[in-house]
Amino acid sequence: MKGNRLYKFEKLCSRTAINALFGNGRSMVAYPLRAVVVLRSSDSVTDNRARFMITVPKKKIRKAVGRVLLRRRIREAYRLNRQIILPQLASAACEVEIAFIYMDKEIADYATIDACMKKLLGKIATQAVIRAEKEVAEDVDN
RNA sequence: ACAGUAUGGCGGCUUGUCGCUCGCCGCAAUAUCGGCGUGAGGAAAGUCCGGGCAACACAGAGCAUCAUAUUUCCUAACGGGAAGCUGCUUGUGAGAGCAGGGAUAAUGUGACAGAAAAUAACCGCCAUUCCGCUUGGAAUCGGCAAGGGUGAAAAGGUGGAGUAAGAGCCCACCGGACGCAAUGGCGACAUUGUGUGCCGCACAUCCUAUGAGUUGCAAGGCCAAGUAUACCGGCAUUCAAGGGUUGCUCGCCCAUUGCCGGGGGGUAGGCUGCUAAAAUCUGGCGGCAACGUCAGGUUCAGAUAAAUGACAAGCCGUGCUUAUGCACGACAUAACCCGGCUUAUAGCCAUGCUGUCUUU
């Protein structure tokens with residue numbers, strides 16, 4: 001994988017996978033964004049370590065125009081910033097599934113969404129590193 | 001010039017960087033990569049009508065429910081549209097809006113106010129009788145709809161004749177209703193003549209005519225991993241035990257359990273339906289118009305946790321300020337597809353018409 005292209009297999013499409021994510025995920029917040037995350041270890045050699053989805057609730061943003069615009073902005077922010085987490089995931093041998101949920105009632109501009117996205121991805125990356133260290137420790141114990 | 005009105009149209013543009021959907025080409029390849037093309041609206045919205053399409057249902061008749069209700073035309077169809085007719089409301093005006101089956105059938109309702117909301121006597125007018133005798137007062141299962149105020153609506157209007165007082169009770173003119181006739185119009189209807197004194201209105205129930213089977217692409221059709229497994233075949237299995245054949249034993253067949261193979265239905269998931277059509281553009285012809293017709297050109301979204309974007313710069317438009325700077329650029333995101341309706345919409349353009357002012 002090269003460049004900033006966004007492939008279909010990076011999107012989270014399956015209904016069952018989404019239900020599992022919301023059942024087991026841990027949430028973290030960087031207002032106005034909330035992320036629901038599932039980390040799991042994976043030894044398989046794939047390019048695809050992260051899959052994501054975006055939700056803008058109808059209760060918060062009434063008009064379809066606004067929801068579409070926000071979805072596009074969030075996707076753009078993820079696309080441009082995901083290089084923050086991908087190397088960490090590869091080194092920690094983890095896969096991650098993320099759902100981004102928009103929480104504000106106003107439509108935020110791109111700059112604020114970009115900043116939030118950077119913060120969130122940073123948190124996820126550190127989580128992945130911690131998890132990897134733990135597993136290493138357990139292996140030593142065994 | 002300004003303000004308005006009707007109809008029709010537009011609904012920001014360009015460049016750069018990084019990206020998305022689908023299609024085509026290249027490669028073994030449906031992944032990936034490279035190249036080329038392609039990609040939201042006038043309302044895509046509300047889901048209010050009418051169709052197409054699909055599945056299911058369907059002898060025939062009636063009832064109920066809902067919708068519609070002036071005329072002629074347009075249309076695949078419509079509860080939609082066009083051009084008319086009648087009445088009312090509104091605007092100085094161009095114009096705009098609303099309503100429009102019924103019987104001289106029936107029943108009910110009409111807030112507040114008012115005597116009374118439809119078999120009208122509160123005040124009032126008149127008559128008769130009694131009291132008083134001055135102008136008045138009282139009574140009558142008396143007469144009177146001319147005057148009063150109320151109201152959305154008050155018993156056709158004006159004048160005369162008439163009377164105790166009055167009244168379409170009668171007469172003249174005017175208005176309306178209904179009947180008849182003539183003329184014009186495809187028709188609703190209009191105009192004219194004539195006859196009948198026939199003379200409140202609104203709404204609902206009701207009646208009449210016409211239409212409506214139900215569910216919606218999450219319809220419907222196809223493929224189908226894994227898991228469990230109806231059923232079929234093969235092999236194996238039992239220390240004992242089951243059923244059939246037989247008087248009994250063996251044998252054979254069935255059954256049991258396990259493995260392997262096949263297999264139907266079918267879950268996750270995928271494919272299809274799925275976009276070339278009542279399509280659209282240009283021109284001619286017919287029509288007042290909606291629209292029709294002929295000829296030629298064009299190919300124009302098909303996503304599915306859901307594609308057209310993000311950022312930067314410049315231009316354009318509007319407003320505030322004035323060589324500049326700042327702010328703003330509406331409404332609204334296809335989900336099977338069409339025709340309408342309704343609602344939202346900054347600003348701009350074209351054509352016709354109207355009002356006001358100025359100039360010639």
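Residues numbered from 1 in each chain as written. Chains lettered and ligands numbered in written order. Predicted model: local features only at pLDDT ≥ 70, side-chain atom pairs only at ≥ 80, totals over all residues.

### Quick notes on the overall build of chain A
- Each helix and strand in chain A was counted, giving four helices and four strands.
- Written out in order from the N terminus, the α and β elements of chain A read α-β-β-β-α-α-β-α. (Helix = DSSP H or I, 4+ residues; strand = E, 2+ residues; numbered from the N terminus.)

### Some words on the nonpolar core
- A35, I74, V96, I98, F100 and M117 are the most contacted members of the largest nonpolar core, which totals 30 residues.
- Every element with two or more residues in this core is listed here: β2 (33–41), β3 (50–55), α2 (64–81), α3 (86–92), β4 (94–102) and α4 (110–141).
- It is α4 that contributes the most residues to this core, seven residues altogether.
- Among residues more than four places away in sequence, those in contact with I98 are A35, V37, A50 and F52. (Core = buried A, V, L, I, M, F, W, Y, C linked by C-beta atoms within 7 Å. Buried ≥ 20, exposed ≤ 12 C-beta atoms within 10 Å, placed from the backbone. Contact = placed C-beta atoms within 7 Å.)

### Notes on α2
- Compared with an ideal rise of 1.5 Å per residue, which puts 18 residues at 26 Å, α2 spans 26 Å between its outermost C-alpha atoms and is within 8% of the ideal.
- Taken together, the buried positions of α2 are L70, R73, I74, A77 and Y78. One face of α2 carries all of its buried residues, which in axial projection span an arc of 135 degrees. Exposed residues lying more than 90 degrees from the buried face of α2 are A64, V65, V68 and R72. (Expected span 1.5 Å × (residues − 1). Arc of directions from axis to C-beta.)

### Structural notes on the environment of R79
- Locating R79 in the fold gives a position in helix α2.
- Distance in space between the C-alpha atoms of R79 and C116 is 14 Å, their sequence separation being 37 residues.

### As for the pairing of β4
- Counting buried residues along β4, seven of its nine residues qualify, which places the element largely inside the surrounding structure.
- When β3 meets β4, the two strands line up parallel, connected through six bridges. Bridge pairing in β4 links R51 to E97. (Pairing = 2+ DSSP bridges.)

### Side note on the confidence of the model for chain A
- Looking at chain A, pLDDT values average 73 and 75% of them are 70 or higher.
- Across chain A, α2 holds the top mean pLDDT of 81, while helix α1 (residues 15–24) sits lowest at 70.
- With a pTM of 0.71, the predicted complex shows an ipTM of 0.72. (pLDDT = per-residue confidence, 0-100.)

### With respect to the environment of L86
- Within the element layout of this structure, L86 appears in helix α3.
- C-beta crowding within 10 Å serves as the criterion here: with 17 such atoms nearby, L86 is assigned to the partly exposed category.
- Along the backbone, L86 and L121 are 35 residues apart, and their C-alpha atoms lie at a distance of 9.7 Å.

### Focus: the environment of A64
- Looking at where A64 falls in the secondary structure, it is placed in helix α2.
- Take A64: there are 10 C-beta atoms within 10 Å of it, and that puts it in the exposed class.
- Spatially, the C-alpha atoms of A64 and M28 are 26 Å apart, while their sequence positions differ by 36 residues.

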